[in-house]
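# Coordinate inspection notes
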Amino acid sequence: RNTFQEEGSGMKDVPTWLKSLRLHKYASLFSQMSYEEMMALTEVDLESQNVTKGARHKIALSIQKLRERQSVLKSLEKDILEGGNLRSALQELQQIIITPIKAYSSLQTAQKESQGMDSSATVGSRLSQEKSSKTEDKDSPADNFQSQSATSCDGESTTAPVPEGDIAGQFTKVMGKVCTQLLVSRSDEENITCYLQLIEKCVAHEAFTDTQKKRLSSWKQQVLKLLRTFPRKAMLEMPAYRQQKNWPIGSNSLPIATVGVGRRGQRQFQMPPRAVPASRMNLLS
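What follows is about the overall build of the chain. Helices and strands together make up the secondary structure of the chain, namely 14 helices and zero strands. Sequence-ordered secondary structure for the chain, helices as α and strands as β, is α-α-α-α-α-α-α-α-α-α-α-α-α-α. Taking all 285 residues of the chain together, 36% fall into the buried category.

Right, dumping it as structure tokens:
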């Protein structure tokens, strides 16, 4: 039995997670467990498997952190709504997405997601109209784009509460809040790039439902539109552009050192004289 290779087991990311903890030598032990068995591990269980004391303690602490992920995500959601540091939130999300996550199974999951999408679209449309009417007097196209797009992410907050144990659902909800903040706060390109990378990992993850992946993909398109409004930094990184900072102030011409020969006030470059060979002296005379 190897649960790492079983579809829907939630154990596929265990090797990567163990490697990040420097506990990868215990991968074979975890490959014999189900997701539920792993989440219920205790130090006593590990001792019976002849795991060393230091490793037992580290594994037990790491398992406890897995159990606390939903609480951490709820705290992140609250911090983001209160205008907290997006960079820290994105870094925390990066740590969570590499942990083992199993798809939440419930008979009511599909119905709740369908109802959530309908209410999200309805409320999002109404809020979009209200926002657009309030921002008609703004001059910047980027500002108008942000105010209209943010409501699509904000609609996520109108869905039903995420069931306990649904890590992927809670993660998606937080991603919706991050999307809203990115659109309205003129975030930098590093945060946007990190967010897009997280979406790619979520879309490729088996624990996320098709509905969640559709939401994430739609937020990706909105953030990509925002990214296109940013001035490109390629020119700023060019060595020739950085060198301009050292040019004389008040001059609208190129530096004198690069000007061709022939300008007034500059000495012509003199070629050094060459000695005439003795064999040619008779011809010249």
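Looking at the chain, the pLDDT average stands at 76 and 62% of residues meet or exceed 70. In the model, residues 119-124 has pLDDT below 50 throughout and makes seven contacts with residues more than four positions away in sequence or in other chains.

Angle between the axes and distance between the axes are the two parameters that describe a pair of packed helices. At a minimum axis separation of 10 Å, helix α6 (residues 69-81) and helix α7 (residues 86-97) run at an interaxial angle of 160°. Here α7 runs roughly antiparallel to α6, going by the angle between their axes. Seen from above, α6 lies across α7 with left-handed handedness. When α6 is examined against α7, the residues R69, V72, L73, L76 and I80 are found in contact with a partner set consisting of L86, A89, E92, L93 and I96. Here the residues of the contact of α6 with α7 are counted per class, giving eight nonpolar, no polar and two charged.

Okay, α6 next. With 13 residues, α6 extends 18 Å between its outermost C-alpha atoms, agreeing within 8% with the 18 Å of an ideal straight helix rising 1.5 Å per residue. Turning to α6, its buried residues are R69, Q70, L73, L76, E77 and I80. Buried residues of α6, viewed axially, fall in a sector of 115°; they line one side. Turning to α6, the residues buried within the fold contact α3 (35-39), α5 (53-67), α7 and α10 (167-184). Remark: G83 follows α6 within two positions and exhibits a positive phi of approximately 80°.

The next point concerns the side chain of R69. For R69, the position within the fold is in helix α6. Buried R69, no salt bridge; nearest opposite-charge side chain is D13, N-O distance 8.3 Å. Reaching out from R69, the side chain makes a polar contact with the backbone oxygen of L66 at a distance of 2.9 Å.

This paragraph deals with the layout of surface pockets. Size it by volume and the largest pocket reaches roughly 370 Å³. Taken together, 16 residues line the largest pocket, and the ones lying closest to its centre are W17, S62, K65, Q95 and T99. At the level of elements, α1 (14-20), α5, α6 and α7 are the ones that each hand at least two residues to the lining of the largest pocket. By residue number, the principal contributor to the lining of the largest pocket is α5, which donates five residues. Residue classes in the lining of the largest pocket are distributed as seven nonpolar, four polar and five charged.

One can find V174 in helix α10. The exposure class assigned to V174 is buried, which follows from its relative accessible area of 0%. Once the C-alpha coordinates of V174 and E77 are considered, the two residues, 97 residues apart in sequence, prove to be 5.3 Å apart. Aside from chain neighbours lying at most four places away, what touches V174 is L73, L76, E77, I80 and L93.

Attention shifts here to the pattern of salt bridges. Within the structure shown, the criterion is met by eight salt bridges. K74 is paired through a salt bridge with E164; the nearest N and O atoms lie 3.8 Å apart. With a gap of 90 residues between them, K74 in helix α6 and E164 in the loop between α9 (141-154) and α10 connect regions that are remote in the sequence. Judged by its relative accessible area of 39%, K74 is partly exposed.

Bringing the nonpolar core into the picture now. By size, the foremost hydrophobic cluster in this structure holds 35 residues, and its most contacted members are L93, F171, M175, V178 and Y195. Counting only elements with at least two residues in this core, the list comes to α6, α7, α10, α11 (189-203) and α12 (210-228). If one sorts the elements of this core by residue count, α10 sits on top with nine residues. The contacts of F171, once residues within four sequence positions are left out, are L73, L93, I96, I97, L198, C202 and F208. One finds V14, Y35, L46 and A55 within the second-largest nonpolar core, a separate group that totals 22 residues.

What counts and what doesn't
Residues numbered from 1 in each chain as written. Predicted model: local features only at pLDDT ≥ 70, side-chain atom pairs only at ≥ 80, totals over all residues. Heavy atoms only, no water. Helix = DSSP H or I, 4+ residues; strand = E, 2+ residues; numbered from the N terminus. Buried < 20%, exposed > 50% of the residue type's maximum accessible area, 1.4 Å probe, protein only. pLDDT = per-residue confidence, 0-100. Contact = heavy atoms within 4.5 Å. Axes fitted to C-alpha atoms, helices over the stretch in contact; angles between N-to-C directions. Parallel < 35°, antiparallel > 145°, perpendicular 65-115°, else oblique. Left-handed = near helix turned anticlockwise from the far one by under 90°. Nonpolar A, V, L, I, M, F, W, Y, C, P; charged D, E, K, R; others polar. Expected span 1.5 Å × (residues − 1). Arc of directions from axis to C-beta. Lys, Arg positive; Asp, Glu negative; His and termini not counted. Salt bridge = Lys/Arg side-chain N within 4 Å of Asp/Glu carboxyl O. Polar contact = N/O pair within 3.5 Å; in protein donor to acceptor, adjacent residues only side chain to side chain. 1 Å grid on protein atoms, 1.4 Å probe; cavity = no way out; pocket = protein on both sides within 12 Å on 5 of 7 lines; lining within 4 Å. Points joined across faces, edges and corners; volume = space filled by probe spheres on them. Core = buried A, V, L, I, M, F, W, Y, C linked by side-chain atoms within 4.5 Å.

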